[in-house]
Amino acid sequence: MSIDYTMRAHIVTITINRPSARNSLDMEHFRDLAHAWAAFRDDADAWVAVVTGVGQDFCTGADLKKFIPELTGDLPQPDGWNKEDAIHAVLHRFPVYKPIVAAVNGVCVAGGFEMLGCTDIRVAVPEARFAVMEPKRGLFAGGGSTVRLPRQLPYALAMELLLTADLVDAQRALAMGLINQVVPAEQLMDTAYDYAERIAANAPLAVFATKQSAVEGLALDLEAAYVNETRHSDRVFATEDAKEGPRAFAEKRPPRWQGR
């Protein structure tokens, strides 16, 4: 049982591999998932990530049978645990301005749902289920869902998810605009990698700046967002890749991105 991390052709795959516990996260797995996101963020050769799970679940959040006893001292804490790992693992207050594609292979609730809210493109199997489950357990979704959902979905749909805490199936999630596609299980990873490969074919610094401008703009008024966009635009136009793109177009050849 682990958090698996691999990279091929600038595309990182992060896999939550704890199917015996429905891909829930104890302290050890929160720590390792947080470290995986940090490795992706900090590696200049990593341009896009695909996150998925093993088995019938994407991620079901904290392992309440083990994580809470670890917090209360009934079970020992693993080496290297940091109290911020639990929020960084689901990308809360841990900005990663590189594209992330979610390949939702099953149930996506609680912390898994909060992590989903920080991904950019989302593909799911028909059997996938989604929910903000915390209110059903007397808990609070403190990993960003109450902030992100009303910004990502129409208000009434966001509040339906937040207040009922009910599971919604993949087709309902698609209709809400929560996910991009529903595909058969055997096509899930191919579809996710197709998105990742199309993104990775673009100039990485231009892609990173585009995501950063879009995400930052959500927290700004319109004029400030335009100013911020211009700052990112100026930075991209000053790169070597901004010269390579038009040159490759004129020479009718694929561009050779340097990431600088």
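The notes below deal with the structure included here. It should be emphasised that the depicted structure is a prediction, and the values quoted were computed from it without experimental measurement. (Residues numbered from 1 in each chain as written. Predicted model: local features only at pLDDT ≥ 70, side-chain atom pairs only at ≥ 80, totals over all residues. Heavy atoms only, no water.)

Turning our eyes to something else, we now look at the sheet that holds strand 8 (residues 129–131). Taken together, the 4 strands give an open sheet; going across it, the order is 4-6-8-9, and neighbouring strands pair in mixed fashion. If you trace the sheet from one side to the other, it starts and ends with strand 4 (57–59) and strand 9 (168–169), each paired once. When strand 8 meets strand 9, the two strands line up antiparallel, connected through 2 bridges. Residue pairing across strands places arginine 129 opposite aspartate 169, the latter belonging to strand 9. (Pairing = 2+ DSSP bridges. Helix = DSSP H or I, 4+ residues; strand = E, 2+ residues; numbered from the N terminus.)

A word on the nonpolar core. Leu33, Trp37, Val104, Met115, Phe130, Leu149 and Leu178 are the most contacted members of the largest nonpolar core, which has 70 residues in total. Leucine 178 has contacts with Phe113, Leu116, Arg122, Phe130, Leu149, Leu153 and Ala173, leaving out every residue within four places of it along the chain. Of all hydrophobic cores here, the second largest spans 5 residues; its members include Val107, Ala110, Ala131 and Met133. (Core = buried A, V, L, I, M, F, W, Y, C linked by side-chain atoms within 4.5 Å. Buried < 20%, exposed > 50% of the residue type's maximum accessible area, 1.4 Å probe, protein only. Contact = heavy atoms within 4.5 Å.)

Residues of helix 5 (residues 145–152) that are buried: Ser145, Arg148 and Leu149. The buried residues of helix 5 occupy an angular sector of 100° when the element is viewed end-on, so they sit on one face. Looking at the buried side of helix 5, the elements it contacts are helix 4 (111–116) and helix 6 (155–164). (Arc of directions from axis to C-beta.)

Spatially, the 6 strands line up as an open sheet ordered 1-2-3-5-7-10, and their pairing is mixed. Each edge of the open sheet carries a strand with a single partner, namely strand 1 (2–8) and strand 10 (181–182). Pairing between strand 7 (residues 121–124) and strand 10: 2 bridges, direction parallel. Looking at the pairing, alanine 124 lines up with valine 182 of strand 10.

Here we take up the packing of helix 9 (residues 204–217) against helix 10 (residues 222–237). One can describe the packing of helix 9 onto helix 10 by two numbers: an axis separation of 10 Å at closest approach and a directional angle of 170°. As the angle between them shows, helix 9 and helix 10 are arranged roughly antiparallel. Here Leu205, Ala206, Ala209, Gln212, Ser213, Glu216 and Gly217 of helix 9 lie close against helix 10, whose contacting residues are Ala225, Asn228, Glu229, Arg231, His232, Arg235 and Val236. (Axes fitted to C-alpha atoms, helices over the stretch in contact; angles between N-to-C directions. Parallel < 35°, antiparallel > 145°, perpendicular 65-115°, else oblique.)

A few words on the side chain of threonine 60. Tracing the backbone shows threonine 60 in the loop between strand 4 and helix 2 (67–72). Engagement of the side chain of threonine 60 in a polar contact is seen with the backbone oxygen of arginine 22, the distance being 2.9 Å. The contact partners of threonine 60, leaving out residues within four places of it in the chain, are Ala21, Arg22, Asn23, Ser24, Val107, Val109 and Ala110. (Polar contact = N/O pair within 3.5 Å; in protein donor to acceptor, adjacent residues only side chain to side chain.)

Let's shift gears to the environment of glutamine 56. If you trace the backbone, glutamine 56 turns up in the loop between strand 3 (48–53) and strand 4. In this structure glutamine 56 touches Asn105, Gly106 and Val107, once residues within four positions along its chain are discounted.

Let us look at helix 9. Its 14 residues give helix 9 an end-to-end C-alpha distance of 20 Å, which sits within 8% of 20 Å, the value for a rise of 1.5 Å per residue. Residues of helix 9 that are buried make contact with strand 5 (100–104), helix 8 (188–200), helix 10 and helix 11 (240–250). (Expected span 1.5 Å × (residues − 1).)

Our next topic: unusual backbone geometry. Positive phi, normally seen in glycine, also occurs at histidine 10, with a value near 70°. Assignment of secondary structure puts histidine 10 in the loop between strand 1 and strand 2 (11–17). The exposure class of histidine 10 is partly exposed, given its relative accessible area of 28%. Backbone geometry at asparagine 23 places phi at a positive 55°, although glycine is not the residue there. Mapped onto the fold, asparagine 23 is located in the loop between strand 2 and helix 1 (27–42). Taking relative accessible area as the criterion, asparagine 23 reaches 0% and is therefore assigned buried.

This is a description of form; function is not addressed.
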